[in-house]
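Topology and contacts: notes
Next come the chains, spelled out residue by residue.
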Amino acid sequence: MKLTARHHFKASPDRVLAMLTDPAFLAHACERLGAHSHEVTVDGEASGSPTTSTRAVVEAPSEVSRFIGKTLTVVQTVAWGPRTASGGRDGRLDIAVPGLPVTLTGAAALSGTDAETSIDYDGELTVNVPFVGRQIEEQAAPEITGVLNSQQAIGEEWLATH
């Protein structure tokens, strides 16, 4: 199932990327999103192509908690490519739920001016369960889109105070 989201920030692409690759911001976002626990890593900054990985234990949606338990682990990885001549970045977004046949694979495109930045997320959500996978995708899609959209509000607050 196709998922898309767009975030807008009143900051330059370099400042937004610095936020998105700041371990303190990523940890803050996990906490604000209600993670029970989390681990954050950032690699590749020296090469100019940073990769972030966030592993968070979160409350399982009520629709699936009776099957999988009260919590589940979500791993989000974003690998940013090099800075383009216009100051933007292209990235690869991967979200997985270890132990469950759920993945989101897609792209992130960061672009903007000195005053504002947009990030477009475009991905494919897959729940690989025979017969009911599509139904689960339809139930999970609003949850995932909601988390992505919450990240914009958390980012706006962060930029205003940092």
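This text goes with the structure placed above it.
Quick summary incoming for the structure in this document. (Residues numbered from 1 in each chain as written. Predicted model: local features only at pLDDT ≥ 70, side-chain atom pairs only at ≥ 80, totals over all residues. Heavy atoms only, no water.)

Considering the packing of helix H2 (residues 23-32) against helix H4 (residues 133-161)
One can describe the packing of H2 onto H4 by two numbers: an axis separation of 10 Å at closest approach and a directional angle of 130°. In this view, H2 runs oblique relative to H4, as classed from their interaxial angle. When you trace H2 past H4, the crossing you get is right-handed. Residues Ala-24, Phe-25, His-28, Ala-29 and Arg-32 of H2 lie in contact with H4, whose contacting residues are Ile-154, Gly-155, Glu-157 and Trp-158. Of the residues contributing to the contact of H2 with H4, the split by class is five nonpolar, two polar and two charged. (Axes fitted to C-alpha atoms, helices over the stretch in contact; angles between N-to-C directions. Helix = DSSP H or I, 4+ residues; strand = E, 2+ residues; numbered from the N terminus. Parallel < 35°, antiparallel > 145°, perpendicular 65-115°, else oblique. Left-handed = near helix turned anticlockwise from the far one by under 90°. Contact = heavy atoms within 4.5 Å. Nonpolar A, V, L, I, M, F, W, Y, C, P; charged D, E, K, R; others polar.)

Quick notes on the pattern of salt bridges
When their charged atoms lie close together, side chains carrying opposite charge are able to pair. Per the stated rule, a full pass over the model turns up six salt bridges. The partner of Arg-6 in a salt bridge is Asp-120, with the nearest N and O atoms 2.5 Å apart. One end of the pair, Arg-6, is in strand S1 (residues 2-9); the other, Asp-120, is in strand S7 (residues 117-127), and 114 residues separate them in sequence. Overall, the relative accessible area of 44% leaves Arg-6 in the partly exposed class. A salt bridge links Glu-157 to Arg-32; its shortest N-O distance comes to 2.3 Å. Highlighted residues: Glu-157 in helix H4 and Arg-32 in helix H2, separated in sequence by 125 residues. You can call Glu-157 partly exposed: its relative accessible area is 40%. A residue is classified by how much of its surface remains accessible, and Arg-32, at 44% relative accessible area, is partly exposed. (Salt bridge = Lys/Arg side-chain N within 4 Å of Asp/Glu carboxyl O. Buried < 20%, exposed > 50% of the residue type's maximum accessible area, 1.4 Å probe, protein only.)

Some details on the pairing of strand S5 (residues 89-96)
Burial along S5 is one-sided: the face carrying Arg-89, Gly-91, Leu-93 and Ile-95 is buried and the face carrying Asp-90, Arg-92, Asp-94 and Ala-96 is not. The sheet contact formed by strand S4 (residues 71-80) and S5 spans six bridges and is antiparallel. Bridge pairing in S5 places Ala-79 opposite Arg-92. Note that S5 and strand S6 (residues 102-112) share eight bridges and pair antiparallel. Counterpart to Asp-90 in the pairing with S6 is Ala-109. Count of turn residues in the S5/S6 antiparallel hairpin: five residues, of which Gly-99 carries a positive phi of about 90°. (Pairing = 2+ DSSP bridges.)

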